[in-house]
Amino acid sequence: MTSTSMSKGANLPVDAGSVHAVLGWSGASGAPDADASALLLGADGRVRDDGDFVFYNQPQHASGAVRHLGKREAAGVTTDTVEVDLRALEPGIERVVLCASADGGTFGELSGLTLRLLDAGTRSEVAYFEMEATSETAFIGGELYLRGGRWKFRAVGQGYASGLAGLATDFGISVDEETDAAVASPAGTPTAAPARGPASVPGSAPTRARASAPTHSPASAQPPNSASAPTRDPVAQPRTAPAAPTRPPRAPAAAPAPSQAPVPPSAAPPRLTKGEEHLPVDMRKRLSLRKEQVAVSLRKHGASGVRARVVLVLDASGSMSGLYTQGVVADVVERMAAVAAELDDDGVMQAWTFASQPARLPDLTLGELPEWLGLHVRVGELTLFRRKKPRKGLLPGQVDMRAVGIQNEEQKVIAEVRTYVREHPAADPTLVLFFSDGGVYRNREIERELLEAVEEPVFWQFVGLGRSNYGVLERFDQLPGRRVDNVGFFAVDDIGRLPDAELYDRLLSQFPSWVTAARQLGIV
């Protein structure tokens, strides 16, 4: 394959199925660093959501089609590479913009700034584009675009003086500059509309409304050395999350609980769980009714008196934003507290949140449920900025949700919970209540983790929030090679409308039979 030296604006067809876009430069001591990135765009020239931005803080697209491979240095030249598998791009993607940003200076301080396009299979060079820069802090080096059913490459060479934030805003990403403001927000407090709108970074959830038409201009149209992106049209600008309170927020007023099935008169009154007496009266009444309903569901399945350690896992990925905003996740946690209270009377439940990375949350102590909901029921965040120090304003025990991210990596949190159970053995089996809205794409890794967990005293109950792609979780019952079925799964369109009786019946339908089988096999 013959390499083509390209001039600005030139294009050529791309026959390779997968390519490497290699950003290259050299710089003297003290020169800025540079980072390659990619934006996946639809026919409207905009990202569909925050997942369509691949860069150092989010190195892989959910489809696996675009990956940030990282940097190498040789003979005084540094390279940063993005891989694009054109065959694996989703049908709605028509452009992949190949970007670069400077950290600690401008591109004018670097020499030999180039973009090379390589065939990922043969490593042969397809195109070579030498770029010129002055005061720019971000660049569009080139783009891969679909034309007449065929992929092509165009040399762009457009610079921005407003950095990666300015460039990203032009393609539908709403950027809030990093501040020292506190970031806690009460569970259920409206911080943004549901996801599938423009991406949000950092500290605010994705918004439903589309961003306004591009308002950032190339560097030539901006004052030199501009430190930040120009102000956007205030009419079209999405609202950002409110600043956090300086003390733990109160839990939101709960909506009326779904209808309760009548509890048989013969049912024994629920046990008083440690800390329950400290709850607000209305929450204590809801908890008491729900504990009774959990007991009824256990009796239906022949599991009266069964005990278990309960672990809660919450999906915090970007697509969950709307469920957090609407208070759905907070309500789920309150309803699961009744399960933990009935199965384990120590009044404590372990909890994890996850997206790109897992994070252990402080234990949920029943007597502190309102405060826990306000402090720890939070969606993940995407940030364009490298995290050089912890975010200021985090309240004690709060997780920096920038470290959690926005993508779906279920296998990581599964592995972390498994490690916790091994390192903290308990007399009773463990019931993991795992809530997610889907978007599962790490099927092999998830399958491996759960198959390896068969011999462990843990039952994994997955609950799908909405009808989405749950991958291997939906077909785990059919997987061979297991002595006992250690995984349950069901999905509901609107869990808030599901009566407690039905929710607990479905939630506990497989756990009792697993306990029996696991005891017979010596697993428990």
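The rules we used
Residues numbered from 1 in each chain as written. Predicted model: local features only at pLDDT ≥ 70, side-chain atom pairs only at ≥ 80, totals over all residues. Heavy atoms only, no water. Pairing = 2+ DSSP bridges. Helix = DSSP H or I, 4+ residues; strand = E, 2+ residues; numbered from the N terminus. Axes fitted to C-alpha atoms, helices over the stretch in contact; angles between N-to-C directions. Contact = heavy atoms within 4.5 Å. Buried < 20%, exposed > 50% of the residue type's maximum accessible area, 1.4 Å probe, protein only.

A. Structural context of the sheet that holds strand E19 (residues 458-465). Spatially, E17-E16-E15-E18-E19-E20 is the arrangement adopted by the six strands of the open sheet, whose pairing is mixed. Unpaired on one side and paired on the other, strand E17 (358-365) and strand E20 (487-492) mark the two borders of the sheet. On average, each strand axis in the sheet is tilted by 20° relative to the strand beside it, whichever way the strands run. Looking at chain direction, strand E15 (residues 309-315) and strand E18 (residues 430-436) are connected through six bridges and run parallel. The residue bridging Arg309 from the neighbouring strand is Thr430, located in E18. Along the sheet, helix H4 (residues 328-343) makes contact with E15, strand E16 (348-354), E17 and E18, crossing E15 at roughly 170°. Set on the sheet, helix H5 (residues 369-376) makes contact with E16 and E17; between it and E17 the angle comes to about 160°.

B. Spatial organisation of the pairing of strand E8 (residues 95-103). For E8, the buried fraction is high: seven of the nine residues fall into the buried class. Of the strand pairs in this sheet, strand E4 (residues 33-41) and E8 are connected by nine bridges, and their pairing is antiparallel. Bridging across to E8, Ala34 finds its partner in Ala102. The sheet contact formed by E8 and strand E11 (residues 138-147) spans seven bridges and is antiparallel. In the sheet register, Val97 faces E11, and the bridge partner there is Glu143.

C. View of helix H1 (residues 163-170). When you tally the buried positions in H1, you get eight out of eight residues, the bulk of the element. For H1, the set of buried residues is Gly163, Leu164, Ala165, Gly166, Leu167, Ala168, Thr169 and Asp170.

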